[in-house]
Amino acid sequence: MGSFLTRYSSALLPVWFCWLFQGVAWAQERPVFLDPNWHFVQRDMLFEIRKYDEVTNGCWRNTQTSVDRVSLELVRSQASIVEVQLRAATVVITALGYEINSTNCAVTVRTEVYAPHRVDASVDGYPITAVFPSLLWEQTAILTGPKRTMSGRVAETHTKHIRKFLIELSQKARELRTTALGTR
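What this report covers is the structure whose coordinates are included nearby. (Residues numbered from 1 in each chain as written. Predicted model: local features only at pLDDT ≥ 70, side-chain atom pairs only at ≥ 80, totals over all residues. Heavy atoms only, no water.)

Before going further, it helps to spend a moment on the state of the cysteines. Enumeration over the complete set of coordinates arrives at one disulfide. For Cys59, the disulfide goes to Cys105, at an S-S distance of 2.0 Å. Taking the sign of the torsion about the S-S bond as the criterion, the disulfide between Cys59 and Cys105, at about -75°, is left-handed. Within this pair, whereas Cys59 is found in the loop between β3 (46–55) and α3 (63–76), its partner Cys105 is found in strand β6 (residues 104–123), the two being separated by 46 residues in sequence. The pair Cys59 / Cys105 is uniform in exposure class, with both members buried. (Disulfide = S-S within 2.5 Å. Helix = DSSP H or I, 4+ residues; strand = E, 2+ residues; numbered from the N terminus. Buried < 20%, exposed > 50% of the residue type's maximum accessible area, 1.4 Å probe, protein only.)

Put into structure tokens, the structure is as follows:
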């Protein structure tokens, strides 16, 4: 067991270090306590969109409307929508809910944005790179009301969420550049 730890501890050290200090960037030899992924996501403006429909009994009838509205907001912000790509951030739109009675529903609406997080390491002298999603931003809302209007309300909530994200993306990326580099 000791040789296993000795052999792989140096390879796992960068992974552990990146996990421990994922919210700290270094610029001009001083720490910046902002997640640098805000900058990279804004710089690349590449997004993949995934949806998860966990709503039963017809409470979210047209899931594609949410995807289309989120895509439209991203494209209006000069983003590109891509299929799977290692540099792309992932927007996950989810709804989880059910029918309360024959005419009403309760639905939890969630929007998450994951930034690609890259870690370089070496195992037995061979370089390896791992890219995995790191949660950058999330927003949740709970909706209740008539089944007949719920699909539209879910889509509108996803739209509001992505707009909030885009505003925060602009603000945090600018704050990171200002703090780290002294520029605007």
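Glancing now at the packing of aromatic side chains. Considering all chains together, one arrives at three aromatic pairs under this definition. Judged by centre distance (6.2 Å) and plane angle (85°), the rings of Phe47 and Phe165 are edge-to-face. Of this pair, Phe47 sits in strand β3 while Phe165 sits in helix α4 (residues 147–181), placing them 118 residues apart in sequence. The class of Phe47 is buried, set by a relative accessible area of 0%. Among the aromatic residues, ring-to-ring pairing joins Trp38, Phe47, Trp137 and Phe165 into one connected group. (Phe/Tyr/Trp six-rings, centres within 6.5 Å; stacked < 30°, edge-to-face > 60°.)

Below, the discussion takes up the sheet that holds β6. Spatial strand order, β4-β3-β5-β6-β7: five strands in an open sheet with mixed pairing. Since the sheet does not close on itself, it has two edges, and those belong to β4 (80–81) and β7 (126–146), each with one partner. Here β3 runs beside strand β5 (residues 89–99); their pairing, made up of nine bridges, is parallel. Residue pairing in the sheet places Lys51 in a bridge with Ile93 of β5. (Pairing = 2+ DSSP bridges.)

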